[in-house]
Amino acid sequence: MFTGSIVALVTPMDDKGNVCRTSLKKLIDYHVESGTSAIVSVGTTGESATLSHDEHGDVVMMTLDLADGRIPVIAGTGANATAEGVSLTKRFENSGVVGCLTVTPYYNRPTQEGLYQHFKTIAESTSLPQMLYNVPSRTGCDMLPETVARLAKIENIIGIKEATGNLSRVSQIQELVDDAFVLVSGDDATALDFMQLGGHGVISVTANIAAREMAELCRLARAGEFAEARRLNQRLMHLHQKLFVEPNPVPVKWAAKKLGLIATDTLRLPMVPLSGAASPVVEQALKNAGLL
């Protein structure tokens, strides 16, 4: 459940900015049918930063309800205050989520010791499996392999979503942790290379709109069929790249609406819909990937 193609699910909203249950069900059904390994609910792609604490919990619980046991659900529980991370994590104890994905604190820029104490405190507050998430381009801090290795010794810290795009991190972390520690990519454009180096899968933005293709890509990688995987990945490469032509999740929500997967591409301010200049770029990427 922590390997293969895991979708960093968008949070669909109606025209008024309220969470849209109808579109959320449609998305979940789409991922069940497409072979997605698991859903991350209200991660950073799910607009965790602009949902209230109560909404955050409500969306995860709605996702669990609509998934109805058909696909594992991982709760996004990241926060830049440790106490808030603990509170979110405790809310999902015994809820049915299979684990939590927790991003490094953003804006605060903690030291490596601060990162260690942050994740240690959260992990010790729960029995739920914890997956670390390192994305320095969005948070302003980089959790180094040595810190990951210290945290990997805590029993319920079971893996990391590594989204630096730095492929050397795979071997650097592998050398410091045991074989059971899960390494998944958080960068679609380098995910196949990450898996070829020994990674176990990807928590994917692209999977929101190319779920079957990303599931197949991970299946091929696990089977060692890298020539075929590369052909598929090359078809998706423009999509991997152009879904970040404006800040995530702006382009992927526009694409999901274009494909009829969600009713609107509404976002919460300060995020605004895809610009007129960027929409043809994303549309062309969808065509290149064979989705339009």
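Residues numbered from 1 in each chain as written. Predicted model: local features only at pLDDT ≥ 70, side-chain atom pairs only at ≥ 80, totals over all residues. Heavy atoms only, no water.

A. Inspection of the pattern of salt bridges at higher detail. Summed over all chains, the structure comprises 15 salt bridges. Two residues, Asp58 and Arg91, come together in a salt bridge whose shortest N-O distance is 2.9 Å. Taken together, the residues Asp58 in helix α2 (residues 53–67) and Arg91 in helix α3 (residues 82–91) connect sequence positions 33 residues apart. You can call Asp58 partly exposed: its relative accessible area is 41%. Since its relative accessible area comes to 34%, Arg91 is described here as partly exposed. With a shortest N-O distance of 2.8 Å, Glu216 and Arg219 are connected by a salt bridge. Separated by three residues within a single helix, Glu216 and Arg219 lie in helix α9 (residues 211–222), roughly one turn from each other. On the basis of relative accessible area, Glu216 is assigned to the partly exposed category, the value being 31%. A single salt-bridge network, built from bridges that share partners, covers Lys25, Asp29 and Arg70. (Salt bridge = Lys/Arg side-chain N within 4 Å of Asp/Glu carboxyl O. Helix = DSSP H or I, 4+ residues; strand = E, 2+ residues; numbered from the N terminus. Buried < 20%, exposed > 50% of the residue type's maximum accessible area, 1.4 Å probe, protein only.)

B. Here's a closer look at the sheet that holds strand β2 (residues 38–41). A barrel is described by the order of its strands in space; here eight strands give the closed sequence β1-β2-β3-β4-β5-β6-β7-β8, paired in parallel fashion. Averaged over all adjacent pairs, the angle separating strand axes in this sheet is 25°, with direction ignored. Where strand β7 (residues 182–185) meets strand β8 (residues 201–204), two bridges bridge the pair, whose relative direction is parallel. Following the sheet pairing, Ser185 is matched in β8 by Val202. Together, β4 (99–103), β5 (130–134) and β6 (157–162) form the strand contacts of helix α4 (residues 112–123), whose direction differs from that of β4 by roughly 160°. (Pairing = 2+ DSSP bridges. Axes fitted to C-alpha atoms, helices over the stretch in contact; angles between N-to-C directions. Contact = heavy atoms within 4.5 Å.)

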